[in-house]
Amino acid sequence: MARVAILMGSPNDYEEMKPAEEVLGRLGVESDVRVISAHRTPDRLTRFLAGAEDAGIEVVICGAGGAAHLAGVTAAHTLLPVLGVPIQSSPLSGLDSLLSTVQMPGGIPVATFGIGRSGAKNAGLFAAAIIARHDAELRKRLEQYRAQESSRVPERP
Ligand code: RP5
């Protein structure tokens, strides 16, 4: 059963959002990956969010480019934690998406990550850390992940 939803505004965002799916998979956390646009498919978004908690979703990751509002609109429709990933798809190289996502007016929070693939990876890890607060097995896998990453860093260049 999927515990994390990974939403993106366009199929063209998938390359940048894949690291979220991959790192969650590595940690044994199933994700439900969907293309849902806040402005092109608004009904799809509200329908999905209405059933998300009952379906077992615990965290929602949203990737969007341009005047990115997917994460903000998602946060408006759910009490689940929403993690926003700005996508580098516009002539402004994601800076517009970063500012749109991070500058939520007070009251409806979106935790915002870095632009593009590393932001997506960190959003996946952060989602896992949230779930690991009440899942001891996942916490162990996160510890192993950190240890593996450390062991890959050479002592000398
Ligand atoms: C946003 O507009 C999407 O998240 C995407 O990053 C951007 C461009 O979408 P496409 O025109 O490539 O589908 O809504």
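Colleague: How should the site of the ligand be read in this particular structure?
Modeller: Near the ligand the following residues occur: Gly9, Ser10, Asn12, Asp13, His39, Arg40, Ala64, Gly65 and Ser89. Between Asp13 and the ligand, the recorded distance is 2.6 Å, taken from a side-chain N or O atom to an oxygen atom. Take Ser89: an N or O atom from its side chain is 2.8 Å from an oxygen atom of the ligand. Contact with the protein chains hides 74% of the accessible area of the ligand, taken as 360 Å² for the molecule alone.

Colleague: How do you make sense of the pairing of strand β2 (residues 31–35) when you look at a structure like this?
Modeller: Each regular strand shows side chains that alternate between the opposite faces of the sheet. Looking at chain direction, strand β1 (residues 4–8) and β2 are connected through five bridges and run parallel. Residue pairing for β2: Met8 is matched across the bridge by Val35. Note that the unit made of β1, helix α1 (residues 14–26) and β2 has a crossover that is right-handed.

Colleague: Help me out: how do you make sense of helix α4 (residues 95–102) in this one?
Modeller: One turn of an α-helix holds 3.6 residues; hence residues three or four places apart share an orientation. Buried residues of α4: Asp96, Ser97 and Thr101, and no others. Burial along α4 is one-sided: seen end-on, the buried residues are contained in an arc of 120°. Buried residues in α4 make contact with β3 (59–65), α3 (70–77), β4 (82–87) and β5 (111–112).

The rules we used
- Residues numbered from 1 in each chain as written.
- Predicted model: local features only at pLDDT ≥ 70, side-chain atom pairs only at ≥ 80, totals over all residues.
- Heavy atoms only, no water.
- Near = heavy atom within 4 Å.
- Polar contact = N/O pair within 3.5 Å; in protein donor to acceptor, adjacent residues only side chain to side chain.
- Areas by Shrake-Rupley, 256 points an atom, 1.4 Å probe, with all protein chains shown as cover.
- Pairing = 2+ DSSP bridges.
- Helix = DSSP H or I, 4+ residues; strand = E, 2+ residues; numbered from the N terminus.
- Right-handed = clockwise from strand over helix to strand, strands pointing away.
- Buried < 20%, exposed > 50% of the residue type's maximum accessible area, 1.4 Å probe, protein only.
- Arc of directions from axis to C-beta.
- Contact = heavy atoms within 4.5 Å.

Everything listed here is a matter of geometry and, on its own, says nothing about what the molecule does.
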